[in-house]
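# Report on the structure
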Amino acid sequence: MSSRATREIDPVPSLRRPPEVLVTDSLPPVADAAALAVPVVAGEPPPSDLHTDTSQLAVLGFSGAPNEVVVLPDPGGRALVALGVGEAPSVDASLVRDLAATFARAVPRHTTLAVELPGTDLPLSPDDFAQAVVEGVLLARWRFFLGAGKDEPRLTRLTLVVPPGLVEQARAGATRGEVTARAAAISRDLSNCPAATLSAERMGQVAEEVAPLAGLEVELFDRQQLEEMGCGGILGVNRGSVDEPRLIKVSYRPDSPTGHLGLVGKGIMYDSGGISLKPSDESHAQMKNDMTGAAAILGAMTALRDLGCTSAVTAYLCCTDNMPSGSAMKLGDVLHMRNGTTVEVLNTDAEGRLVMADGLCLAVEDGVDAVVDVATLTGACLRTFGVDIAGVMGSDPGLVEQVRCAGDVADEPVWELPLHRGYRSQLDSQVADMTNMGGPNAGSITAALFLEEFTDGIPWAHVDIASTAQQPTERTWRNKGASGFGARLLVELATRFESPRTGP
């Protein structure tokens, strides 16, 4: 990528100017916090910092019910934002994260914000409350914009005001929130970056850039090395491209690891469909985000050292674009995958499973205890779940449950689909070991069955994020466009990972 235009676009601007996050037990001056969010518990008097009472709030239709928001002027020049949290026993991290994001969006011109942590006893600990606040505010105010036509102030400081004696506990949660929000922001940056800028080669350079900042090791494998390694899936998809592919291996190695988790990410930097060309519609225009699985994994990897992850994690990002040309992969071609399996190509737009098959083989060879792959894989998953829920399938119920629990904690939910092996015959081929396409129905399940063929029986889970990778509107902390879904889920999975039992 040698042109001046592409060099000037930064694929990860979120790394350059992160907002400052402070925790204190006293309200900062207006100059340091131009807007203050004050949580109000339903049925309790509002905190004194709102300079109002229950009856005055009632005039404005505010009762403290969940998700109610009222912006009030303060004679001192600060914007005061009352946030309804509902009844105290019902407060959880998802509600707090959503409310913090709603606050951040309610004062879009303010660059310095503060949020009070309530003194009322809540089922949420101060550190969990602080983490949710930081995630909600930072993710709501995340931006990726190219050009000079959008004058939107950048958030520079977030201050958490906590009751005396809780500063250290809240600071620990706030720090964790900064780390997880940064992981998601990196994933969003990469997923929203134009494909002309973010080639597979450039993705490798980004990985090399963030690695020393996060205690990671990175190895890059180019086309010649992939040929020597027998990675026919990645090479087959890359045939139509003028850009080289990259297999990006990212490793996190703590002292005395308690387990070894493998991650495999689909990194189709742009998916035209290849010879099976996609129609020129809105979904085609979104195909710069077909590498969201790889982006989510890279973002998550940057968080592991700072959060004290005790498991070793090895990630394989399988990166190339999928383009039509005179040299492109053709229908009927037979590819030789890393493990020797032959695959007849019946649809060049079913390319994600081809590149990930090689990555899964390498993860198995690396001796991982379990492997999880993440991919924008099937439109069928979008039709099933809409834009809020990702699909998950797997060979090990315990591992699938770990993925599900991680999604619940991160508020990036997944729902299990059956890995119905009766459909495996749909992948049979007359000329090869298998095809890359099943029948017209159950496309998410047959795609997962394809991937399972390359896991060699180790515990494995597949997360299909085709449904959640693109958001149509802004909602609370969720951005419009490529969402970066999966980064915080993977952070929770890796930091809580327990090696599944593989025997009695």
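For clarity, every value in this text was computed on a predicted model and none was experimentally measured. Residue positions are given per chain, counted from 1 along the sequence in the order it is written. A pLDDT threshold of at least 70 governs which residues receive local features in this predicted model, and a stricter bar of 80 or more applies before side-chain atom pairs are shown or counted, although totals over entire chains, interfaces and linings include all residues. Excluding hydrogens and water, the side-chain values take into account all heavy atoms of the structure.

Turning next to the overall build of the chain. Numbering of helices and strands runs from the N terminus; a helix is a DSSP stretch of H or I covering at least four residues, while a strand is a stretch of E covering at least two. A tally of regular secondary structure across the chain gives 15 helices and 19 strands. Radius of gyration here uses only the C-alpha atoms, and the compact-globule reference equals 2.2 Å multiplied by the residue count raised to the power 0.38. The C-alpha atoms of the chain give a radius of gyration of 24 Å, which matches the 23 Å a tight globule of 504 residues would have. Overall size of the chain, expressed as C-alpha extent along the three principal axes, is 75 × 60 × 45 Å. Accessibility here uses a 1.4 Å probe with only protein chains present; expressed as a share of the type maximum, an area under 20% marks a residue as buried, one over 50% as exposed, and anything in between as partly exposed. For the chain, with 504 residues in total, the buried portion stands at 57%. In this description, contact between two residues means that some pair of their heavy atoms is separated by no more than 4.5 Å. Sequence separation of 24 or more characterises 78% of the internal contacts of the chain that already satisfy a separation of 6 or more. Surface accessibility in these figures is a Shrake-Rupley result with a 1.4 Å probe; residues are shielded only by whichever protein chains are displayed. For the chain, the computed accessible surface area is about 19700 Å², with 51% contributed by carbon and sulfur atoms. His residues and chain termini do not enter the charge count, which takes Lys and Arg as positive and Asp and Glu as negative. Working definition for charges: the position is that of NZ of Lys, CZ of Arg, CG of Asp or CD of Glu. Between the averaged position of the 40 positive side-chain charges in the chain and that of its 65 negative side-chain charges there is a distance of 5 Å.

On to the packing of aromatic side chains, then. The pairing test for Phe, Tyr and Trp rings, Trp by its six-membered ring, is centres within 6.5 Å, and the orientation test on the planes gives stacked under 30 degrees, edge-to-face over 60, and tilted for anything in between. All told, the structure shown has 1 aromatic pair when counted by the stated rule. Think of it as a cone above the ring: NZ of Lys or CZ of Arg counts as a charge over the ring if it is within 6 Å of the ring centre and within 35 degrees of the ring normal. For the cation-ring pair, R188 lies above W142, with the distance from its terminal atom to the ring centre recorded as 5.3 Å. Directly above the ring of W477 sits R488, whose terminal nitrogen or CZ lies 4.7 Å from the centroid.

On to helix 3 (residues 93-106), then. Expected helix span is given by 1.5 Å per residue-to-residue step, counting one fewer step than there are residues. Under the 1.5 Å per step criterion, the end-to-end length of helix 3 is 20 Å for 14 residues, consistent within 8% with the ideal 20 Å. Of the residues making up helix 3, those classed as buried are L95, V96, R97, D98, L99, A100, A101, F103 and A104. Lining the buried residues of helix 3 we find strand 2 (35-41), strand 4 (79-86), strand 5 (112-116), helix 4 (126-140), helix 13 (397-410) and helix 15 (487-495).

Once that is clear, we can look at the nonpolar core. By nonpolar core we mean a set of buried residues, namely Ala, Val, Leu, Ile, Met, Phe, Trp, Tyr and Cys, connected to one another through side-chain atoms within 4.5 Å. Counting 61 residues, the largest nonpolar core has L190, M203, M301 and V372 as its most contacted members. Not counting the four nearest positions on each side in its chain, M301 is found in contact with L216, V250, S251, Y252, L263, V313 and A315. Within the second largest apolar cluster, 46 residues are counted, among which are I234, M329, L419 and L427.

Let us look at the sheet that holds strand 10 (residues 312-322). Strand pairing is defined by DSSP finding a minimum of two bridges between the two strands. Sheet architecture is open: 8 strands sit in the order 7-8-10-9-13-17-14-15, paired in mixed fashion. Edge positions in the open sheet fall to strand 7 (217-221) and strand 15 (414-416), since each of these has one partner strand only. The average angle at which neighbouring strand axes cross in this sheet is 20°, direction not considered. Relative to strand 15, strand 14 (residues 390-394) runs parallel, the two sharing 3 bridges. Bridge pairing in strand 15 links G391 to W415. Axis definition: a line fit to C-alpha positions, over the contact stretch in the case of helices; interaxial angles, taken between N-to-C directions, run 0 to 180 degrees. Relative to strand 9 (residues 260-271), helix 10 (residues 292-301) is tilted by about 135°, and along the sheet it contacts strand 8 (246-252), strand 9, strand 10 and strand 13 (370-375). Sheet contacts for helix 15: strand 9, strand 10, strand 13 and strand 15; angle to strand 9, the most-contacted strand, approximately 165°.

This part takes up the packing of helix 4 against helix 5 (residues 167-192). Helix-helix packing is described using two parameters, namely the angle between the two axes and the distance between the axes. Viewed as axis vectors pointing N to C, helix 4 and helix 5 meet at an angle of 30°, and their least axial separation amounts to 7 Å. One element, helix 4, and the other, helix 5, form an angle in the roughly parallel class. The handedness of the crossing between helix 4 and helix 5 comes out as right-handed. Across from P126, D127, A130, Q131, V134, E135, L138 and L139 in helix 4, the residues of helix 5 making contact are Q169, A170, G173, A174, R176, G177, E178, T180, A181, A184 and R188. What sets the label is the angle itself: under 35 degrees gives roughly parallel, over 145 gives roughly antiparallel, 65 to 115 gives roughly perpendicular, and the rest give oblique. Crossing chirality is assigned from the near helix's rotation relative to the far helix, an anticlockwise turn below a right angle marking it left-handed and a clockwise turn marking it right-handed.

Across the sheet, 6 strands lie side by side as 1-6-5-2-4-3; this open sheet has mixed pairing. Because the sheet does not close on itself, it has two edges, and the strands there are strand 1 (20-24) and strand 3 (69-73). The mean inter-strand angle of the sheet, taken between neighbouring strand axes irrespective of direction, is 20°. Its contacts with the sheet put helix 4 on strand 1, strand 2, strand 5 and strand 6 (157-161), and the angle it makes with strand 6 is roughly 155°. Across the sheet, helix 5 touches strand 1 and strand 6, and the angle it forms with strand 1 is around 165°.

In this section: helix 4. Compared with an ideal rise of 1.5 Å per residue, which puts 15 residues at 21 Å, helix 4 spans 21 Å between its outermost C-alpha atoms and is within 8% of the ideal. The element helix 4 is largely enclosed, with a buried count of 13 among its 15 residues.

Purely geometric stuff here, so don't read any function into it on its own.
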